[in-house]
Amino acid sequence: MNLSGKTRICALIGDPVEHSLSPVIQNAAFKHLGLDYIYLAFNVRADRLKDAVSGIRALNMHGLNVTMPHKIAVIKYLDGLDETASRVGSVNTILNSDGRLIGYTTDGVGALNALKSADADPSGKKVVILGAGGSSRAVSFTLAEIASELVILNRTFDRAKDLKNVLRRVLGNELRIKAAPLTDEYLKKELEDADILINATSVGMKPNSDDTPVKRDYLRKDLVVFDFVYEPLETRLLREARLAGAKVIDGLSMLIHQGAASFRIWTGMKAPVEIMMDAALKRIKQLKSSASNNVKEDAAL
Ligand SMILES: NC(=O)c1ccc[n+]([C@@H]2O[C@H](COP(=O)([O-])OP(=O)(O)OC[C@H]3O[C@@H](n4cnc5c(N)ncnc54)[C@H](OP(=O)(O)O)[C@@H]3O)[C@@H](O)[C@H]2O)c1
């Protein structure tokens, strides 16, 4: 890597960011294509977000990823939004275009490309999505227009209902969108004839990796099961879906495809998705082996 005064700086801002795989993924892509770019990660507290955005301008940084808890709050400090970010009301990517900071969201396209790359195009299919938080919202905007039916199930029913109403208002009343509480009764009923199940809740995420949002009895061979959670890589939901013979897609695929879309916005180039995936898997393996070494060392003490 030949860093110089001309090197373009990209970075992630969020809180926390220490465990993010984005620096590994993006730097591997820059290196592979020989681009004079570098990607860093900055922990930015919510009360310093405004200062952080001023810093981006002052330092003329080129591109940003934005993660929790800043995806909505950052909008007020930007100069413009692309159409999708403006519809969704959330930003995960910023491009510094000649001093103007423009916000984008690549969550929806990331999920769509993860599905397509697993040969599970959701066009014309019935999709059941669990959760009505930030990621469900971004992805639902993309899916509602292309799926034959979108069913949103959420623990807090009112949030599912609100999301359905927003989607209808923005995208059109004729779309087939349903909202219901996330209960066994609705899961059983809606999964019977569904093609794709997406978990956009945090259920099953480390340290609660024994949890699953769906009983294994409702999983079957001709269902595609996509879990946004990527820690652990194989959640209990994905393990049980795999054992039921379903096609499974993990959260790392979503992370990579969403990062690939950000990469394209910053560089104008197609991202080397396989290189990014290899780099992420290598890092996950390293982290696992250093964690198990630590356990061994602790046991030896
Ligand atoms: N792979 C990727 O690239 C990627 C990208 C984005 C997010 N994610 C993952 O996706 C998950 C959701 O992220 P987000 O940004 O959408 O979070 P969020 O905005 O905080 O939403 C969380 C969602 O999970 C639901 N939930 C939380 N605990 C639950 C429980 N015990 N039982 C049932 N539902 C529960 C919430 O339901 P209520 O409304 O009832 O609270 C809400 O719908 C996280 O695990 C995140 O790490 C992955």
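Values in this document were obtained by computation on a predicted structure and should not be read as measured data.

**So, the site of the ligand**
In the vicinity of the ligand there are 21 residues, among which Ser135, Asn154, Thr156, Arg159 and Gly251 approach most closely. Arg159 has a polar side-chain atom sitting 2.7 Å from an oxygen atom of the ligand. With respect to the ligand, the backbone of Phe228 contributes an N or O atom lying 2.9 Å from a nitrogen atom. Here the ligand loses 77% of its free accessible area of 920 Å² to cover by the protein chains. When contributions to the shell around the ligand are tallied by element, the ones reaching two or more residues are helix 5 (134-144) and helix 9 (251-267). Here the shell around the ligand gets 4 residues from one element, more than from any other, and that element is helix 9.

**Quick word on a nonpolar patch on the surface**
On the surface, Ile9, Leu40 and Phe42 cluster together into a nonpolar patch covering about 220 Å² of accessible area. Relative to the assigned elements, Ile9 resides in strand 1 (residues 8-14). Residue Ile9 is classed as partly exposed on the basis of its relative accessible area, which comes to 31%.

**Overview of the side chain of Thr267**
Mapping Thr267 onto the fold places it in helix 9. For Thr267, a relative accessible area of 17% puts it in the buried group. Side-chain polar atoms of Thr267 contact the backbone oxygen of Phe263, separated by 2.8 Å. Separated by 3.0 Å, the side chain of Thr267 and the backbone nitrogen of Met269 make a polar contact. If we ignore the near neighbours within four places in the chain, the residues touching Thr267 are Phe30, Leu35 and Tyr37.

**Quick notes on the pairing of strand 11 (residues 224-227)**
By the alternation rule, side chains of strand 11 split into Val224 and Phe226 and Val225 and Asp227, which are all buried. By the bridge criterion, 4 bridges tie strand 10 (residues 196-199) to strand 11 in an arrangement that is parallel. Its bridge partner being in strand 11, Ile198 is matched across the sheet by Phe226. When strand 11 meets strand 12 (residues 247-249), the two strands line up parallel, connected through 3 bridges. For Val224, the partnering residue across the bridge sits in strand 12 and is Lys247. Handedness of the crossover joining strand 11 and strand 12 through helix 8 (residues 236-243) is recorded here as right-handed.

**Here's the deal with unusual backbone geometry**
In this structure, the amide linkage connecting Asp15 to the following residue, Pro16, adopts the cis form with an omega of 5°. Relative to the elements of secondary structure, Pro16 occurs in the loop between strand 1 and helix 1 (22-32). The omega angle of the peptide bond from Glu231 to Pro232 is 5°, so this bond is cis rather than trans. With respect to the secondary-structure elements, Pro232 resides in the loop between strand 11 and helix 8. The phi dihedral of Asn60 is positive, around 50°, even though this residue is not glycine. Structurally, Asn60 can be placed in the loop between helix 2 (49-58) and strand 3 (63-66).

**Digging into the domain arrangement of the protein chain**
When cut into domains, the protein chain gives domain 1 (8-105 + 271-295) and domain 2 (108-250). For domain 1 versus domain 2, the distance between C-alpha centres works out to 25 Å. Taken residue by residue, the interface counts 6 residues in domain 1 and 8 residues in domain 2. Carbon and sulfur atoms make up 60% of the area that domain 1 and domain 2 hide from each other, which totals about 670 Å². Of all residues in domain 1, Arg87, Val88 and Thr105 give up the largest surface area on contact with domain 2, accounting jointly for 67% of the area buried on that side.

About the thresholds
Residues numbered from 1 in each chain as written. Predicted model: local features only at pLDDT ≥ 70, side-chain atom pairs only at ≥ 80, totals over all residues. Heavy atoms only, no water. Near = heavy atom within 4 Å. Polar contact = N/O pair within 3.5 Å; in protein donor to acceptor, adjacent residues only side chain to side chain. Areas by Shrake-Rupley, 256 points an atom, 1.4 Å probe, with all protein chains shown as cover. Helix = DSSP H or I, 4+ residues; strand = E, 2+ residues; numbered from the N terminus. Patch = residues over 30% accessible without salt bridge, like charges linked within 9 Å, V, L, I, M, F, W, Y side chains within 5 Å. Salt bridge = Lys/Arg side-chain N within 4 Å of Asp/Glu carboxyl O. Buried < 20%, exposed > 50% of the residue type's maximum accessible area, 1.4 Å probe, protein only. Contact = heavy atoms within 4.5 Å. Pairing = 2+ DSSP bridges. Right-handed = clockwise from strand over helix to strand, strands pointing away. Domains from an automatic or database assignment. Buried area = accessible area lost by both parts, 1.4 Å probe.

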